[in-house]
Amino acid sequence: MPTVLETHIENRFRVQPNHANNNETLHGGNLMKWLDEVAAMSAMRFAGETCVTARVNELDFERPIGIGDTALVEAFVYDAGRTSVHVGLRAWREEPRTGETEKTTESSFTFVAIDEDGSSVPVPELTVETDRGRELRERMLEVEDGT
């Protein structure tokens with residue numbers, strides 16, 4: 001049974017002019033794509049199967065990420081159903097020269113594990129073995145509940 005921390009992935013993306021909108025900040029669609037890619041890697045690490053996006057849960061853009069900044073994306077599995085995988089996501093604006101970060105986005109995506117034929121397949125149970133894993137999981141469950 002995979003643990004929360006075994007599914008934890010961080011990735012960085014340098015924001016270039018071709019990623020920007022008219023305000024010279026990261027286009028929301030590009031950030032959504034990056035969130036989806038990192039979340040899919042986390043879901044597949046958990047399930048051991050190909051996973052496809054089934055739902056994008058609430059997604060709020062709290063602050064912009066500028067051209068030249070780095071988008072730091074964090075993903076981890078915090079819950080699972082019979083064939084579904086729930087991935088918590090956060091993104092930060094990172095200043096590449098200093099490493100200073102500022103949270104910009106928090107969301108969760110739901111994935112479904114599938115086989116080669118595209119049929120849904122069962123996923124394992126999620127294990128929470130550490131305080132850090134519990135903290136990550138509980139934070140996302142509170143976000144889901146709206147508390």
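Remember, it's a predicted structure, so these values are computed and weren't measured experimentally.

Calculation notes
Residues numbered from 1 in each chain as written. Predicted model: local features only at pLDDT ≥ 70, side-chain atom pairs only at ≥ 80, totals over all residues. Heavy atoms only, no water. Helix = DSSP H or I, 4+ residues; strand = E, 2+ residues; numbered from the N terminus. Expected span 1.5 Å × (residues − 1). Buried < 20%, exposed > 50% of the residue type's maximum accessible area, 1.4 Å probe, protein only. Arc of directions from axis to C-beta. Contact = heavy atoms within 4.5 Å. UniProt positions renumbered as here; feature names shortened; annotations may be inferred. Salt bridge = Lys/Arg side-chain N within 4 Å of Asp/Glu carboxyl O.

Draft legend 1. Examining helix α2 (residues 131-145) more closely. In this model, α2 (15 residues) spans 21 Å end to end at C-alpha, consistent with the 21 Å of a helix rising 1.5 Å per residue. All buried positions along α2 are accounted for by Gly133, Leu136, Arg139 and Met140. Taken down its axis, α2 places every buried residue within 135° of arc, on the same side. More than 90 degrees from the buried face of α2, the exposed residues found are Asp131 and Asp145. Buried residues in α2 make contact with β4 (70-80), β5 (84-94) and β6 (101-114).

Draft legend 2. Spatial organisation of the UniProt feature "domain: HotDog ACOT-type" (unreviewed entry) in the chain. Per the UniProt record, "domain: HotDog ACOT-type" (unreviewed entry) is found at residues 5-117. Note that residues 5-117 is 18% helix and 45% strand, and that its end C-alpha atoms are spaced 30 Å apart.

Draft legend 3. Summary view of the pattern of salt bridges. Per the stated rule, a full pass over the model turns up 16 salt bridges. Across the pair Glu74 and Arg132 runs a salt bridge whose closest N-O atoms are separated by 3.9 Å. Of this pair, Glu74 sits in strand β4 while Arg132 sits in helix α2, and the two are 58 residues apart along the sequence. With a closest N to O distance of 3.4 Å, Asp79 and Arg137 form a salt bridge. Of this pair, Asp79 sits in strand β4 while Arg137 sits in helix α2, and the two are 58 residues apart along the sequence. Residues joined in a network through salt bridges with shared partners are Glu62, Arg63, Asp69, Arg93, Glu100, Glu102, Lys103, Glu106 and Arg139.

Draft legend 4. Highlighting the side chain of Glu95. Along the chain, Glu95 turns up in the loop between β5 and β6. When residues no more than four places from it in sequence are discounted, the contact partners of Glu95 are Asp69 and Glu100.

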